[in-house]
Amino acid sequence: MNPADPSPAIGARFGWDRAFAPDDEGLPSYVGLPTFSGVPLVTEAAAIAARGADVAILGAPHDDGTSHRPGARFGPRAIRAIYTPGDHSLQLDIQPFSVLDVVDAGDVALTPGWADRNHARIWQRVREVAGTGALPIVLGGDHSITWPVVTALAEARAPRSIGIVHFDAHADTAPEQWGTLSGHGSPMRRLIESGAVAGRNFVQVGLRGYWPPPEVFDWMRAQGMRWHTMREIEERGAEAVVADAIAEALDGPDLIHLSVDIDVVDPGMAPGTGTPEPGGLLGRELLRAVRQIVGAVELAGMDVVEVAPAYDHAEVTATLAHRVVLEAISALAVRRRDGSTAPGARG
Ligand SMILES: [Mn+2]
């Protein structure tokens, strides 16, 4: 057979030349290039602003700050590739994408081996996206990205005007990490030292394990920081603790940044992370906490960090991280439907 002269008669013999109507239900989530839950890819700030997007998903594939197992640079791609069977939240009985315009703004253009430049680029990009009026939700990346992300959000409004609820096994308030200020063990210290966030409105939930040492907690106490250990959650229940965390973060500010290190969840339910610590939250407790927080407050922004797919099993960690974001978007949609002010910088 001459490949330059293929005969159409063969395929047609099987009926393959007939026309098919487009699939009414759209394509399955594994088909095509992945964006978060299949929302449109809109990378230009002017285009995000022009359509009046409510939420912009941004990837920050940076893991030069990791202290143990690296690999969170692959987190944004893994989270975007997660199965989404639909958009009807049974928890909140809402279809968030019918209420909110959500876009995927792509990844910040990052490269390995130059943490300072990556942090600068993240800061620049988050400022740009926040300036469109869309609420930035950033997919990490290691937790060091929260330093430039929250710096940008705080500047977009006013320094010390945003409270933080930070879910994590670790306080991430070390003075430095083997001589560098940009590791993932110290971003929360940087945010308080720089004046971006007031220590008293920095609230941590889920701390446990064997780090940091007592002198770091002394520093945290001196800043007025407040934290809630897993031990307290075991004794009082997550809902009561999260209610306190909301009140503490809003003790002055009226906006919250929600930072979720996926290692707050027990490694049995979130193994795909760099510094696992046994004894954490259940996945469902975290999802409920996200609904509780986002349903009660105005968000300034959100990040979900430390998903390292190479240590994951059967995508359980990436799936949970995806649903943490989707749960937040759903709760935002409920607030919008019920007439609260718009999320994010417009709030
Ligand atoms: Mn962390």
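Everything numeric here is computed off the predicted structure, so don't read it as measured data. (Residues numbered from 1 in each chain as written. Predicted model: local features only at pLDDT ≥ 70, side-chain atom pairs only at ≥ 80, totals over all residues.)

1. Notes on the pairing of strand S4 (residues 162–167)
Now for step 1: Taking burial as the measure, the 6 residues of S4 include 6 buried ones, the bulk of the element.
Now for step 2: Residues Ile 162, Ile 164 and His 166 of S4 are buried on one face, and the alternating residues Gly 163, Val 165 and Phe 167, pointing to the opposite face, are buried as well.
Now for step 3: Looking at chain direction, S4 and strand S7 (residues 255–261) are connected through 6 bridges and run parallel. Residue Ile 162 lies in a different strand from S7, and its bridge partner there is Leu 255.
Now for step 4: As defined by bridge partners, S4 adjoins strand S5 (residues 202–207) across 4 bridges and the pair is classed as parallel. Directly across from Ile 164, in S5, lies its bridge partner Phe 202. (Buried ≥ 20, exposed ≤ 12 C-beta atoms within 10 Å, placed from the backbone. Helix = DSSP H or I, 4+ residues; strand = E, 2+ residues; numbered from the N terminus. Pairing = 2+ DSSP bridges.)

2. Quick word on the packing of helix H11 (residues 283–296) against helix H12 (residues 316–337)
Now for step 1: For the pair H11 and H12, interaxial distance at closest approach is 8 Å and the crossing angle is 25°. The angle between H11 and H12 places the two elements in the roughly parallel class. Remark: the crossing between H11 and H12 carries right-handed chirality. Within the contact between the two elements, H11 uses Gly 283, Leu 286, Leu 287, Val 290, Arg 291, Val 294 and Gly 295 and H12 uses Leu 320, Arg 323, Val 324, Glu 327, Ala 328, Ala 331, Leu 332, Val 334 and Arg 335. (Axes fitted to C-alpha atoms, helices over the stretch in contact; angles between N-to-C directions. Parallel < 35°, antiparallel > 145°, perpendicular 65-115°, else oblique. Left-handed = near helix turned anticlockwise from the far one by under 90°. Contact = placed C-beta atoms within 7 Å.)

3. Focus: the sheet that holds strand S2 (residues 102–107)
Hydrogen bonding along the main chain pairs the strands of a sheet, whether they run parallel or antiparallel.
Now for step 1: What the 8 strands build is an open sheet, ordered S2-S1-S3-S8-S7-S4-S5-S6; its pairing is parallel. Taken across any chain shown, the strands that pair with only one partner, and hence form the sheet edges, are S2 and strand S6 (226–229). In this sheet, neighbouring strand axes are inclined to one another by 15° on average, regardless of whether the strands run parallel or antiparallel.
Now for step 2: Set on the sheet, H12 makes contact with strand S1 (55–60), S2, strand S3 (135–140), S7 and strand S8 (298–305); between it and S8 the angle comes to about 170°.

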